[in-house]
Amino acid sequence: MKKTNVMLDSISAVKKFVNIVSKYDYEVDLASGRYAVDAKSIMGIFSLDLSKPIQLTAHTDDADKFFDEIKEFIAD
């Protein structure tokens, strides 16, 4: 399991992010406060508070390529 924080500050950023995440067959979750949603769900992402960084959890040990693809969204 690998974790980082991401910032999704526009509709186009969310769409691009979901398109990238959807290419991977492992689960990826986003958590904001008490709420956690599937990172492949555009509607789920829009239910979170997007004004601050969101915690991303990739349920795999081999996330290097994935993290490289989403580096523009990483807010660490």
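To be clear, the structure that these remarks concern was listed above.
Residues numbered from 1 in each chain as written. Predicted model: local features only at pLDDT ≥ 70, side-chain atom pairs only at ≥ 80, totals over all residues. Heavy atoms only, no water.

All right, on to the overall build of the protein chain then. Within the protein chain, the regular secondary structure consists of three helices and four strands. Ordered by position from the N terminus, the helices and strands of the protein chain form the series β-α-β-β-α-β-α. Here the C-alpha atoms of the protein chain give a radius of gyration of 11 Å, agreeing with the 11 Å that 2.2 N^0.38 yields for 76 residues. With the C-alpha coordinates of the protein chain rotated into their principal frame, the extents come out at 30 × 25 × 20 Å. Classification of the 76 residues of the protein chain by burial places 39% in the buried group. Sequence separation of 24 or more characterises 68% of the internal contacts of the protein chain that already satisfy a separation of 6 or more. When the accessible surface of the protein chain is totalled, it reaches about 4600 Å², and 50% of it is carbon and sulfur. (Helix = DSSP H or I, 4+ residues; strand = E, 2+ residues; numbered from the N terminus. Rg over C-alpha atoms; globule rule 2.2 N^0.38 Å. Buried < 20%, exposed > 50% of the residue type's maximum accessible area, 1.4 Å probe, protein only. Contact = heavy atoms within 4.5 Å. Areas by Shrake-Rupley, 256 points an atom, 1.4 Å probe, with all protein chains shown as cover.)

Let us now look at the pattern of salt bridges. Summed over all chains, the structure comprises four salt bridges. Ionic pairing is found between Lys16 and Glu72, a salt bridge with its closest N-O pair at 3.0 Å. Of the two residues, Lys16 sits in helix α1 (residues 11-21) while Glu72 sits in the segment after α3 (64-69), which places them 56 residues apart along the sequence. Of the charged contacts in the structure, one is a salt bridge between Lys23 and Glu69, with a shortest N-O distance of 2.7 Å. One end of the pair, Lys23, is in the loop between α1 and β2 (28-32); the other, Glu69, is in helix α3, and 46 residues separate them in sequence. What makes Lys23 exposed here is its relative accessible area of 54%. Since its relative accessible area comes to 26%, Glu69 is described here as partly exposed. (Salt bridge = Lys/Arg side-chain N within 4 Å of Asp/Glu carboxyl O.)

Here we come to the sheet that holds strand β3 (residues 35-38). Read across the sheet, four strands follow the order β1-β4-β2-β3 without closing on themselves; strand pairing throughout is antiparallel. Looking at strand neighbours, the two that pair on one side only are β1 (2-6) and β3, the edges of this open sheet. Strand-to-strand twist of the sheet, defined as the mean angle between neighbouring strand axes without regard to direction, takes the value 25°. (Pairing = 2+ DSSP bridges. Axes fitted to C-alpha atoms, helices over the stretch in contact; angles between N-to-C directions.)

A word on α1. Along α1, the residues classified as buried are Ala13, Val14, Phe17, Val18, Ile20 and Val21. Viewed along the axis of α1, the buried residues span an arc of 160°, placing them on a single side of the element. The outward face of α1, more than 90 degrees from its buried face, is lined by the exposed residues Ile11, Ser12 and Asn19. Close packing links the buried residues of α1 with β1, β2, α2 (42-46), β4 (54-58) and α3. (Arc of directions from axis to C-beta.)

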